[in-house]
Each structure stands twice: as C-alpha cells, then as structure tokens.
Amino acid sequence: MGRLYWKFFLFFFFAQLTAVLVVSLAIGVVNDKRERERRLIDAAPPAKTMVFAAASTLKISGITSLKSLLDLWLTEPMPQLYAVNEDGVDLLKRDLPKGINKESLAALTADSDNRAIQKIHANDGHDYWLFVEPRSKRSPPTYLNGIKVQQNFRYLFPAMPLIVGALVSLLFAALLAWYFSKPIKQLRFAFESAANGNLDARVGTVMQGRRDELADLGSAFDVMVSRVSQLVQSQTHLMHQVSHELRSPLARLQIAIGLIKQQSTQSDAAYQVNERISTSLNRIETESDRMDHLVGELLTLSRLESGVTALQKERIDLNELLQELVEDANFEGIANNIKVEYAPRANIFVEAQADLLQRAIDNILRNAVKYTPKNSVVALATTINPINKSVVLTVKDAGNGVTDSELNEIFKPFYRANNSETAHGYGLGLAITKQIIESHAGTVTAENIANAGLQITIILPIIE
Amino acid sequence: MDKILLIDDDVELVEMLKEYIDLEGFSANTAHDGEAGLQVLQADTYDLVVLDVMMPKLNGIDTLRRIRQNSNMPVIMLTAKGDDADRIVGLELGADDYVPKPCTPRELVARIRAILRRAKPQASQAKTITLNELTLMPEQRRVEWSGVPLVLTSTEFNLLEVLVERAGNVVSKQMLSELALGRPMAKFDRNIDVHMSSVRQKLSAAAGGKQLIQTVYRLGYQYLK
C-alpha cells in the first residue's frame, strides 16, 4: 500500500467520520427534548387514556370523584396518575416523581401537544395538572438469558450508530482509496517498466472496464509507449540499414583494393616500380578498415543505448576473464615495455554477457596501455565489498591523467581528452564501456591519482 | 580445381570477388539470392559455399538450414561485423566458419583454403582410428559409433579428429582453432565453443547420453579415453 493509498484512506475516513458525527449530533439534539419529556412523564397512549379518563372525571364529577378514582388506581400495579395543583401539591399528598415541580409542569404543558399532560380547572377552585409518572420507574426489569438487563440501555442509543457508522466509513474509505490508488499504482509500474526499456508495457489490459480519467490516462500512456516503441524500432532499424549500407561500399572498396594488389603483383611491373602507389593503396586499405571499425562501434553503441537487445547473461568467473584480458594487454604492451600487473583473486562471480563485459574491460585496459608512458606499469586490482555485494575493479596507469573537468567527459562518445596528442582510437571505447557496465547494473568512474596517472573504477554486483 | 559458389545479393561485390578468387586458382560461380543459390547447388556439385547472411528472398540462415538438410559440404558465412547473434546462429546451424564483412579478399581466400585443406582427406592422416565404440575414418571423413554413422559437418569432423588423435589429453581452444579451422583464435571468438557444443550433442546422442568430451576449465577440451 503506497502513501497515496493511505492519504486517500485517511482523508475519506475522516470526512465520513465527521459526517457521521455531525449527523448523530443533530439527531441527538432533536431527540434530546423528547427524551427529557419522556423521562419526566409517561407520554405513551395508555398514559394518555388515563389522563383523558381522569380529566373527564374531574370535569364531569368533580374533585371528590377524581380522588376516589386515584385511590382506586393506587391499588393497581400500574404507573400512577398524579393530579397536582398550582401550588405543586398532589391531590393524594404523594411525593412528586423526580424532576416534577410547578415550573417543569408549566413548561411541559406549554410544550406538549400530545395530551400526555392536561391542566384542568376543578370545581374546588384550583387548577390541576394531570399526568402519569414515567413508566421506567416502576416497570418490571427485563431479563435476558436470566441476567438483568439495564433498562437504561437506550440512553446508549446514539453510540450504536456512531460505531456502526465508523466501521462502515472505514470500509468505504478503504474501498475508495483502493479504487483510486490501484490504477495509479498500475500506471507507476507501467512507467517504471517502460523506463527500464520494456516498451511492450501496456496498462490497457489491467485497466479494462474502467471508464474515467484514470483509464484515459492509461490509454494515453499506451499510445505514448507504442509511439516511442515505434520510434526506437525505426531508429534501430535505420542504424542497422545505415551501417549495412555503409558497409557494402566498404566491402566493395576492399575487394577492389585486393584486386589491384593481386593483379599488379602478378603482372604490372610498373606498379612494383612505383612504390608510392603501393603505399597509398595500403593507406586506403587501413582507412577503410578504420571506417569499418567505426561503423561497427557506432552500431554497438546505438544498440546498447537503445537497450533493445536483451542481454544474454551467464555466470562468469571474473578472475578467468581478467587473466585472459591481461595476457592480451601484456602482449600489446611488449613493444613499449609496458607491463600490466594483476594479482589474481579467485572466486569472484558476476552475472554478465561474457563478450560485452570482456569488451568493456578490454577497452579500459587498452586505453591504459595506450596512455601510460613507455617502461611503466598498468595496475589492475579487484577488491570485494561484502556489504553491498559488489566487486570494485580498478585500472591505474602511470600517464598524465586528464584535467578534473574532463573526468566525466571522457565517457561521452567521440570525446578526446586534450592531452591525448598521440590519440588513436575512435573516441567510442569508453562510451561503450560505460553503456555495457551500466546495463549490467554497475558504475564506472574516473579519477586522477596523485603522483600516478588516471584510475578507472568499475563497480559490479557479484553473485554467490 | 576447387569449385566455389558465392551467394551474395551485392552483385558488384560478388563479381569482383569472383574475379579475385578465380585468379587465386579456384573456379567460382555466383548467385544473388538464397533461392537461386540452392538451385545452382542442386544443378552442380561444389566444394565450398560462401554465403552472405543478409539477403532478400531467402536469407543466409535459412539457406544454410536448407543446405544442411542434405549436405555437410563446407560453408563459410559472411556476417555483418558485430552481429553476434547471426554469427552464433549460423555456427549452430552448422556453418564451418564465418568471415565478418567487410573483409579483405585475401582474408576470405585464406579461410577458404584453410577449410578446403581440412575438408579433404590427407594422405598422412589416412589411417583409421578406433577408440572403444568410436571409429574415425579420415580418408572417407566418416565417423561411426558402434557401426552407426555419425553425421558431422566438415569442421565438426576436424574438431573431433583433433581431439580423438589426442584422446586423454587436454587440447586448448587455440590449438583446436589452428588445427581444425586452420587459423589462430580471434579475440572474443566463440567459434570453437559453438562447434564443440554441437559435436558433443551429436556424439552424446549417438552414445546414449554418455559425455565423451569434457570441457576443461580455462584450458580447453578433452576426449575421455
């Protein structure tokens, strides 16, 4: 559950809870008055009948008859009718029920339109309020499973809807939050997946049946991704076509050169005499080789950058791979008496596409051998970082390094460091290395080492 | 004179290549797409085919698949440089070697010579080798396992021959490349590995699942005695 989910959830929950509270309060206020009335006198229909009967007796037969009636009723086990005069004294001189006095009776009479209380002018000259005492006081206790149930449970009545309301709003808030946050989460996954190069990511299928702005957003995403996918595909296709088209004339050129050489060595005496033609031919051959190499590198880089070709990773013994590369680099350094030193460290395994990783490290080693002075040493070292399960691979040369501002630039395509006056290469080697290492979830950085040269550091995740 | 068929859709290139190859003492013929190439192969016999991967109609991979259905003749693939996928697929389907394109004609002819030299029985190696159930007949370029013939391409045969001649010893990939392909191993070259995997599969299938060729870590391959 994401943050958004909880935000939605809490927001809706509080909104609903507030609504429930306000409504309960309003209902409570309305109920309160009736409740108070109900507590002072009995307003139920039987009580009204009693009040009506007593009022009729008083009006027709007078105060004595009412008194006899009340005496008669006194023997019955039922709520008692009170007849209270304007001085607050009961006709039978009984104590008044709790909360009843002149003032409350006056107020009740003014309020009440339900005939539960009546004020009658009697023949003895007094006014009498006639009402029945509240039922709760004398009604028998209710038993539930043999246990005495508190009769005043209904005073808890407002708490029940409150609890139910809270639970229901909890449920609905959760549902609503889920309803909003789920498609957003799906969208996020789709975006992440697309950002990681999976241009087949679509949300249309998981959002099926939804008809709202979020679904619109989803279909807009789908349209966007398919458009990007088309663009990437057409660009890769174009790169492919371009390199193929560039290579065809190059291939023809090389065969044409081969033909001239072949034919002239066999027949043309003039060619053998003219050494300059031979030199130029060799030069043309070298340059076409170079161009071919460059086209190849460009193709590799564009493929890696687009990330369209999935890596074919396997478990690789890094030590084995490095030893092979060091052998090759040493072979290359022989002419200038450059040594590549490497202390083998076994049991480092990485998950990588072998030829790509080899190429990435080879580019760095070759660069080091190229820029380190004659009779010097290039140091290759590996250390394991057990905390974040990675291997740190460093290649240090004894050259002049680069200026600090160039430390990041050297990984950009076709960038050539200022001090590389004897530069060969095509300026793509380190860019390819960076792409390869990053596509293997690693990093590559450069730094200048005091009193030494440039040091390139590769960090790669290791596996058991 | 060895007859070579060049199949490539680049008409100009193929004509120049034919001229070059003819001057080197071969007899070359050309075809410009896979379909046409297969027709030419049906009409006549050739000693070697040079096959471009990227071609209209029937591409090189499919053409190779069709050739391998009824022939183990030597095939060299011309692949776009850097297109490792094509190269590996080609080798897995039984191409004997590949030459990245563009290449110098000198390089291509050197490969053709190397493959042809090893595709033909040589007097010096003419004696039959028998090792348990395996019988290797270099003069006929045939292999049998318990009397049942094993169908291998020319390069696969060469590799097996090199290993069996040195049965019990580890042979490095470099050595295998030089002896069986006739060239030193190139950087990042997976040629030997792909061919070896194919040989091992075929041999293991014939020997009822037994693994007779062992990969020796960092060193090479070994035929177990």
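Quantities reported herein were computed from a predicted structural model and do not represent experimental measurements.

Novice: Which parts of the structure should I look at to understand the environment of S24(A)?
Specialist: Residue and element names in this part refer to chain A. Here S24 shows up in helix α1 (residues 3–40). Owing to 16 C-beta atoms within 10 Å, S24 belongs among the partly exposed residues under this scheme. In this structure the C-alpha to C-alpha distance between S24 and L162, which are 138 residues apart in sequence, comes to 7.1 Å.

Novice: What should I look at first to understand the sheet that holds strand β7 (residues 134–137) of chain B in this one?
Specialist: Across a sheet, strands are paired by hydrogen bonds formed along the backbone, either parallel or antiparallel in direction. Residue and element names in this part refer to chain B. Taken together, four strands build an open sheet; the order of strands is β6-β7-β8-β9 and the sheet is antiparallel. Of all strands in the sheet, those with a lone pairing partner are β6 (129–131) and β9 (148–150), marking the two edges. Taking the axes of each pair of neighbouring strands and ignoring which way they run, one obtains an average angle of 25° across the sheet. As paired elements, β6 and β7 share three bridges and run antiparallel to each other. Bridge assignment links I129 to a residue of β7, and that residue is L136.

Novice: Before we go on, may I ask you to explain the interface of chain A and chain B in this structure?
Specialist: How big an interface is tends to be stated in terms of the accessible area lost upon association of its parts. Counting residues at the interface gives 21 residues for chain A, matched by 22 residues for chain B. At the level of elements, α7 (213–266), α9 (275–306), α10 (318–333) and α11 (354–371) of chain A are the ones that each hand at least two residues to the side of chain A that touches chain B. At 12 residues, α7(A) tops the list of elements feeding residues into the side of chain A that touches chain B. Of the residues contributing to the side of chain A that touches chain B, the split by class is six nonpolar, eight polar and seven charged.

Novice: Looking at this structure, how should I read the packing of helix α2 (residues 45–61) of chain A against helix α3 (residues 63–74) of chain A?
Specialist: The relative placement of two packed helices is expressed as an angle between their axes plus a distance between the axes. All names here are of chain A. At a minimum axis distance of 7 Å, the contact between α2 and α3 shows a crossing angle of 145°. Residue-level inspection shows A54, T57, L58 and S61 of α2 in contact with α3, the latter providing I63, S65, L66 and L69. By residue class, the composition of the contact of α2 with α3 is five nonpolar, three polar and no charged.

Novice: Explain the confidence of the model for chain A here, please?
Specialist: Any segment with low pLDDT has predicted coordinates that should not be analysed in fine detail. Per-residue confidence for chain A gives a mean pLDDT of 81, with 86% of residues at or over 70. Counting interchain partners and residues more than four positions distant, the pLDDT-below-50 stretch residues 137–142 of chain A has six contacts.

Cut-offs applied
Residues numbered from 1 in each chain as written. Chains lettered and ligands numbered in written order. Predicted model: local features only at pLDDT ≥ 70, side-chain atom pairs only at ≥ 80, totals over all residues. Helix = DSSP H or I, 4+ residues; strand = E, 2+ residues; numbered from the N terminus. Buried ≥ 20, exposed ≤ 12 C-beta atoms within 10 Å, placed from the backbone. Pairing = 2+ DSSP bridges. Axes fitted to C-alpha atoms, helices over the stretch in contact; angles between N-to-C directions. Contact = placed C-beta atoms within 7 Å. Nonpolar A, V, L, I, M, F, W, Y, C, P; charged D, E, K, R; others polar. pLDDT = per-residue confidence, 0-100.

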